[in-house]
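Chains, contacts and geometry: an overview
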Amino acid sequence: MATIGIFFGTDTGKTRKIAKLIQQKLGEAAASPVNINRTDLATFLSYPVLVLGTPTLGDGQLPGLEAGCESESWGEFMAQLAGTSLSGKTVALFGLGDQVGYPDNFVSGMRPLYDTLKNCGAQVVGLWPKEGYTFNASQALEADKFVGLVIDQDNQYDLTDERIDAWLESLKPAIL
Ligand SMILES: Cc1cc2nc3c(=O)[nH]c(=O)nc-3n(C[C@H](O)[C@H](O)[C@H](O)COP(=O)(O)O)c2cc1C
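Residues numbered from 1 in each chain as written. Predicted model: local features only at pLDDT ≥ 70, side-chain atom pairs only at ≥ 80, totals over all residues. Heavy atoms only, no water.

Describing the nonpolar core
Core analysis: the biggest nonpolar cluster contains 54 residues, and Ile22, Trp74, Leu93, Leu117 and Trp167 have the highest contact counts within it. In this view, Trp167 contacts Ile22, Val51, Ala92, Leu93, Phe94, Gly126, Trp128 and Leu149; residues no more than four positions away in its chain are not counted. (Core = buried A, V, L, I, M, F, W, Y, C linked by side-chain atoms within 4.5 Å. Buried < 20%, exposed > 50% of the residue type's maximum accessible area, 1.4 Å probe, protein only. Contact = heavy atoms within 4.5 Å.)

Focus on the sheet that holds strand 8 (residues 145-146)
Sheets are built from strands that pair by backbone hydrogen bonding, the pairs being arranged parallel or antiparallel. With respect to topology, 3 strands assemble into an open sheet ordered 6-8-7, the strand pairing being antiparallel. Looking at strand neighbours, the two that pair on one side only are strand 6 (128-129) and strand 7 (141-142), the edges of this open sheet. The pairing of strand 7 with strand 8 spans 2 bridges and is classified as antiparallel. By the bridge assignment, Glu142 is partnered in strand 8 with Lys145. (Pairing = 2+ DSSP bridges. Helix = DSSP H or I, 4+ residues; strand = E, 2+ residues; numbered from the N terminus.)

With respect to helix 5 (residues 160-175)
When the local axis directions of helix 5 are compared, the greatest deviation, roughly 35°, occurs at Glu169, which is followed within four positions by the proline Pro173. Among the residues of helix 5, Thr160, Arg163, Ile164, Trp167, Leu168, Leu171 and Ile175 are the ones counted as buried. (Bend = angle between axes of the 7 residues up to and from the residue.)

Things to note about the pattern of salt bridges
Opposite charge on two side chains permits pairing when their charged atoms draw close. What the rule picks out here adds up to 7 salt bridges. Residues Asp144 and Lys130 are paired through a salt bridge, measuring 3.0 Å at the closest nitrogen-oxygen approach. Taken together, the residues Asp144 in the loop between strand 7 and strand 8 and Lys130 in the loop between strand 6 and strand 7 connect sequence positions 14 residues apart. Measuring nitrogen to oxygen at the nearest pair gives 3.6 Å for the salt bridge that ties Lys172 to Glu169. (Salt bridge = Lys/Arg side-chain N within 4 Å of Asp/Glu carboxyl O.)

Remarks on the site of the ligand
Neighbouring the ligand are 20 residues, the closest being Thr10, Asp11, Thr12, Thr15 and Thr56. Between the ligand and Thr56 there is a distance of 2.7 Å, counted from an oxygen atom to a backbone nitrogen or oxygen. Residue Val107 places a main-chain N or O atom 2.9 Å away from an oxygen atom belonging to the ligand. Taken together, the residues of the shell around the ligand sort by class into 6 nonpolar, 9 polar and 5 charged. (Near = heavy atom within 4 Å. Polar contact = N/O pair within 3.5 Å; in protein donor to acceptor, adjacent residues only side chain to side chain. Nonpolar A, V, L, I, M, F, W, Y, C, P; charged D, E, K, R; others polar.)

Quick word on unusual backbone geometry
Of all residues except glycine, most have a negative phi; of all peptide bonds, most are trans. Here the phi dihedral of Ala143 falls at roughly 50°; this positive angle occurs in a residue that is not glycine. Structurally, Ala143 can be placed in the loop between strand 7 and strand 8. Judged by its relative accessible area of 77%, Ala143 falls in the exposed class. Phi at Asp144 takes a positive value of approximately 70°, unusual for a residue other than glycine.

As for the pairing of strand 4 (residues 90-96)
Within strand 4, 7 of the 7 residues are buried, which leaves it mostly tucked inside the rest of the structure. Neither face of strand 4 is left uncovered, since the one carrying Thr90, Ala92, Phe94 and Leu96 and the one carrying Val91, Leu93 and Gly95 both have all their residues buried. Two strands pair when backbone bridges link them, and strand 3 (residues 49-55) and strand 4 are joined in this way by 7 bridges, in the parallel orientation. Along strand 4, the bridge assignment pairs Val49 with Thr90. Each parallel crossover has a hand, and for strand 3 linked through helix 3 (residues 74-81) to strand 4 it is right-handed. Direction of pairing for strand 4 relative to strand 5 (residues 123-125): parallel, over a ladder of 3 bridges. For Ala92, the partnering residue across the bridge sits in strand 5 and is Val125. Assessed by its sense of winding, the connection that carries the chain from strand 4 through helix 4 (residues 110-119) to strand 5 is right-handed. (Right-handed = clockwise from strand over helix to strand, strands pointing away.)

Below you can see the structure in the form of structure tokens.
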């Protein structure tokens, strides 16, 4: 049975595509990616390892009704998750953003995800260097690193594959 659950939120589908790429690269250890608005808490909690992806929408927000999306997403799921114990779980995050269009809030949506998961007791792995991106500010930095892999399909899609490979290589000891 797959021990890694991959869940994503998305508005226009780019984060789904990256989730699928990550699953292909992880192979049978990882289950097929599922949109976070198509699962429930029990399924989410059934995996010891979680790989979670989100775009940043609105003004540095998680996707969901509050960010102007048509469907529920991470915003609503995070509200459900608050107060749940994630102790013993290992979680890695990946975030999509647009450093040219939103340089003052680049991938900031990863921050509420990270904070909620940490507050629930999860061990968050897979921090990622900020070098290689041009932006003014991001809420997703922790001790000078991003809280997860950062993908910019709008401006740097040509770097995506090698970024995923390098991130997964660094993660493997913690998640496989
Ligand atoms: C309305 C809107 C608001 C956005 N706000 C941000 C933002 O604050 N920060 C950021 O880095 N990217 C922002 N983006 C860029 C998206 O995060 C980026 O295009 C992402 O790849 C979309 O992923 P998706 O197709 O999975 O929804 C925004 C995009 C839209 C359409």
